[in-house]
Amino acid sequence: MPDWNKPLPSIVGETRPYWEGCRQGQLLIQKCDACGEYQFYPRGICANCWSGPIKWVKASGRGTVWTFTVTYQNRTPGFDGGPYVLALVELEEGVKMFSNIVECNPRDVKIGMPVQVTFVKANDQVSVPYFKPAG
Amino acid sequence: MDLKHGAAIVGIHEHVTRYAPDKSELQIQGESVIKALEDAGLSKSDVDGLFTASSSIRNSGMNLADYLNLYPKYLDNTTVGGGSFEFHMSHALTAIAAGRINCAVITYSSLARSGGVSVGTGGVARFGHPRLDPSPDSFEELYGLTTVGLYAMIAQRHMHLYGTKPEQLAEVAVAMRKHASMNPEALFRDPITVQDVLNSRMVSSPLHLMDCCVISDGGGAVVVASPEVARSCRQTPVWVLGVGEAMAHQGAGKRDLMYIAAKQSHAPAFAMAGVTHEDINMAMIYDSFTITVVETLEDLGFCQKGEGGDFVSGGRLQIGGALPINTDGGGLSSNHPGMRGIFLLMEATRQLRHQFEGTPRQVPDCKIALCHGTGGSLGARHSGGTVILGRD
Ligand SMILES: [Zn+2]
């Protein structure tokens, strides 16, 4: 495995279960026990009702491309080597998350395209969730 | 408290520099403040409020007050990206109308060009900011987000939903260049065509290089005063008629990002001003990217959602068109040091003063102008500040 040169997340208390899930190949998202709303990105409070206890649930890992861009120019290490697809993916559970669409030609990416999560190991602590065309 | 006519722009100065490797940002601000006060016919001792924003100066308000050797009674360094200065105008109006201060200076500068800042494409390195967890650093930056990418994603979906064409976005850039050709200070002044925009290289699809604003150095200052002070000033007062502020964000993953902050900020501004869209003679619309203009015009209510592509086409944004915008050439052609919102207030003021009377740059019989500043990124989180200005 080549050295990871892209940015890495920092794993803090409120996001540790998310990254632990990723490490085990599971996409976990949060759902409020009081109001029943899903939310993303993960955080220590319910962003909807501000009152409920949050629980972690396993997302199906399936979603669609809500929008995307093929990025040709970015000075950030790991993204400076040619076009890549930056996307907002809408999960089946109804929340959107940023990701990259991988394992396909950037020219083939379309809005509405079904995708599924796939994980790439960055190091022993971090696996990053990406999305690939649903097979 | 009735805020309409509660304050007026009485002095402006745009620092003409587009490249200033030998000046500090504070020097550009200092020079601008002095000249803007001169424009108003006021002096240092009149200033009791100081408003500034910066993405590079730490504790920008304190350090600017120190540099200017000023002891303001009211200090505000609200920093919400390019729209900061419309927020400042809103806050200054409130502070003046409440009797806290009589004369505020709003000022900004940046050396983005001489400093080699990749404003739109630097990704995580773009501002050298301290980390912020959990987001954006742990859920956005690891995917290679850029500012242009976050606008490009909105453009992509706009095209998908409404059939907006790259040619229509390009029309915005063409109109801005036409206006820049009349502005001797503009960075780029040679006319361009729709085809030139489409032929420029793709930066982040569907946005080409010429769909993106320029990167320049620059700065300036705007002096805002109470009605009493305004009546003693040299220049025709440009009244603040209405203001509105908003921000939009991901909404915990649920928001429809096609609707931007302008949708929320414009209504209170129009209500306060007591005017309608038909009353607006010209507008200064933050043009970080061509799509920014289309989205903003829609959500300000100048046309329906999805109709922005048609609205900006056929020269309608040019002087003589249905709604002339950015008559200085905008960020797309004149200048964009990183947070451009202050220049919107300046050009609207020039137009309302009829400063270009007898030249093609003057919007005929200009009585009411609207400024809308956008800061941050449409695809992630951004601010929107609407300011409606008018002359007697
Ligand atoms: Zn809840």
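A quick note: this is a predicted structure, and the numbers were derived from the prediction, not measured.

1. So, the overall build of chain A
Scanning chain A from N- to C-terminus turns up 1 helix and 8 strands. Whereas a compact globule of 135 residues would reach a radius of gyration of roughly 14 Å, chain A reaches 15 Å, a difference of no more than 12%. Taking the principal axes of the C-alpha coordinates as reference, chain A spans close to 45 × 35 × 25 Å. Sorting the 135 residues of chain A into buried and exposed places 45% on the buried side. For chain A, long-range pairs separated by at least 24 residues make up 52% of all intrachain contacts whose partners lie at least 6 apart in sequence. With 14 positive and 12 negative side-chain charges, chain A shows a separation of 2 Å between the mean positions of the two kinds.

2. A short note on the coordination of the zinc ion
Where a metal carries four tetrahedral donors, each ideal angle is 109.5 degrees; where it carries six octahedral donors, the ideal angles are 90 or 180 degrees. Residues and elements named next belong to chain A. Protein-derived ligands of the zinc ion are Cys-32 (SG), Cys-35 (SG), Cys-46 (SG) and Cys-49 (SG), with the metal-ligand distances lying across 2.3 Å. Considering all 4 donor atoms around the zinc ion, the spread of angles at the metal, 103 to 118°, places the coordination shape in the tetrahedral class. Counting gaps between the donor residues of the zinc ion yields the pattern C-x2-C-x10-C-x2-C. Of this pair, Cys-32 sits in strand S1 (residues 28-32) while Cys-49 sits in the loop between strand S2 (38-39) and strand S3 (54-58); the two residues are 17 residues apart in sequence, bridging distant segments of the chain.

3. Some thoughts on the pattern of salt bridges
Scanning the model with the defined rule gives 17 salt bridges over all chains in all. Where Lys-55 of chain A meets Asp-33 of chain A, a salt bridge forms, and the shortest distance between an N and an O atom there is 3.1 Å. Taken as a pair, Lys-55 of chain A in strand S3 and Asp-33 of chain A in the loop between S1 and S2 lie far apart in primary sequence, 22 residues in all. The exposure class of Lys-55 of chain A is partly exposed, given its relative accessible area of 36%. Residue Lys-23 of chain B pairs with Glu-31 of chain B through a salt bridge whose shortest N-O separation is 2.8 Å. Overlapping salt bridges, with partners in common, bring together Glu-14, Arg-18, Glu-347, Arg-350 and Arg-361 of chain B in one network.

4. Focus: the nonpolar core
Within soluble globular proteins, side chains that are nonpolar generally end up buried alongside one another. Formed by 108 residues in total, the largest nonpolar core has its most connected members in Ile-101 of chain A together with Ile-388 of chain B. If one sorts the elements of this core by residue count, helix H4 (residues 147-162) of chain B sits on top with 8 residues. Mapping this core onto the domain boundaries places at least three of its residues in each of domain 1 (8-116 + 217-237) and domain 2 (143-213 + 242-390) of chain B. In contact with Ile-101 of chain A, not counting residues within four places along its chain, are Val-65, Val-85, Ala-87, Val-89, Val-109, Met-113, Val-115 and Phe-131 of chain A. Listed in part, the 38 residues of the second largest apolar core include Phe-85, Leu-93, Val-224 and Cys-371 of chain B.

5. Some details on the sheet that holds strand S8 (residues 238-248) of chain B
Residues and elements named next belong to chain B. Ordered in space as S3-S2-S4-S7-S1-S8-S11-S10-S9, the 9 strands form an open sheet in which the pairing is mixed. Each edge of the open sheet carries a strand with a single partner, namely strand S3 (74-76) and strand S9 (282-285). Neighbour-to-neighbour, the strand axes of the sheet open up by a mean angle of 20°, direction not taken into account. One ladder, built from 9 bridges, connects strand S10 (residues 368-376) with strand S11 (residues 382-390); its direction is antiparallel. Following the sheet pairing, Ala-369 is matched in S11 by Leu-389.

6. Comments concerning the side chain of Glu-25 of chain B
Among the structural elements, Glu-25 of chain B can be located in helix H1 (residues 25-40). Summary of buried charges: Glu-25 of chain B has no salt-bridge partner, and the nearest side chain of opposite charge, Arg-58 of chain B, is 11 Å away.

7. Section: the domain arrangement of chain B
Residue and element names in this part refer to chain B. We note that the domain assignment places domain 1 (8-116 + 217-237) and domain 2 (143-213 + 242-390) within chain B. Domain 1 and domain 2 are separated by 23 Å when their C-alpha centres are compared. Contact with domain 1, which involves 40 residues of that partner, is made by 35 residues of domain 2. At the boundary of domain 1 with domain 2, total buried surface from both sides reaches about 2700 Å², with 66% on carbon and sulfur atoms. It is Glu-14, Arg-18 and Glu-86 in domain 1 that bury the most area against domain 2; as a group they hold 24% of the surface buried on that side. A salt bridge links Arg-353 to Asp-39, with the nearest nitrogen and oxygen atoms 2.9 Å apart. Taken together, domain 1 and domain 2 are joined by 12 residue pairs in polar contact (both at pLDDT 80 or more). Considering each element in turn, the side of domain 1 that touches domain 2 owes the most residues, 8 residues, to helix H3 (residues 84-97). The class makeup of the residues in the side of domain 1 that touches domain 2 is 16 nonpolar, 18 polar and 6 charged.

8. Considerations on unusual backbone geometry
At the junction of Asp-133 of chain B and Pro-134 of chain B, the peptide bond is cis and its omega measures out at 5° in the coordinates. Considering the arrangement of structural elements, one finds Pro-134 of chain B in the loop between strand S4 (103-111) and H4. Positioned with a positive phi, Trp-50 of chain A is a non-glycine residue whose angle comes to about 60°. Tracing the backbone shows Trp-50 of chain A in the loop between S2 and S3. Residue Trp-50 of chain A is classed as exposed on the basis of its relative accessible area, which comes to 71%. At Asn-69 of chain B, a position not held by glycine, the phi torsion is positive, near 55°. Within the secondary structure, Asn-69 of chain B sits in the loop between helix H2 (60-68) and S3. With relative accessibility at 46%, the residue Asn-69 of chain B sits in the partly exposed group.

9. A word on the sheet that holds S2 of chain A
All names here are of chain A. Ordered in space as S2-S1-S3, the 3 strands form an open sheet in which the pairing is antiparallel. Edge strands, defined here as strands with exactly one partner in the open sheet, are S2 and S3. Bridging between S1 and S3 involves 5 bridges; their strand directions are antiparallel. Residue pairing across strands places Lys-31 opposite Lys-55, the latter belonging to S3.

10. Describing the packing of aromatic side chains
Tallied over the entire structure, the rule returns 11 aromatic pairs over all chains. Among the aromatic residues, ring-to-ring pairing joins Tyr-18, Trp-19, Phe-40 and Tyr-41 of chain A together with Phe-139 of chain B into one connected group. Positioned over the ring face of Tyr-41 of chain A is Arg-43 of chain A, at 3.9 Å from the centre of the ring.

Conventions used here
Residues numbered from 1 in each chain as written. Chains lettered and ligands numbered in written order. Predicted model: local features only at pLDDT ≥ 70, side-chain atom pairs only at ≥ 80, totals over all residues. Heavy atoms only, no water. Helix = DSSP H or I, 4+ residues; strand = E, 2+ residues; numbered from the N terminus. Rg over C-alpha atoms; globule rule 2.2 N^0.38 Å. Buried < 20%, exposed > 50% of the residue type's maximum accessible area, 1.4 Å probe, protein only. Contact = heavy atoms within 4.5 Å. Lys, Arg positive; Asp, Glu negative; His and termini not counted. Charge placed at Lys NZ, Arg CZ, Asp CG, Glu CD. Donors = N, O, S within 2.8 Å, 3.2 Å for Na, K, Ca; no water. Tetrahedral: all angles 85-135°; square planar, octahedral: opposite > 155°, others 65-115°. Salt bridge = Lys/Arg side-chain N within 4 Å of Asp/Glu carboxyl O. Core = buried A, V, L, I, M, F, W, Y, C linked by side-chain atoms within 4.5 Å. Domains from an automatic or database assignment. Pairing = 2+ DSSP bridges. Axes fitted to C-alpha atoms, helices over the stretch in contact; angles between N-to-C directions. Buried area = accessible area lost by both parts, 1.4 Å probe. Polar contact = N/O pair within 3.5 Å; in protein donor to acceptor, adjacent residues only side chain to side chain. Nonpolar A, V, L, I, M, F, W, Y, C, P; charged D, E, K, R; others polar. Phe/Tyr/Trp six-rings, centres within 6.5 Å; stacked < 30°, edge-to-face > 60°. Lys NZ or Arg CZ within 6 Å of the ring centre and 35° of its normal.

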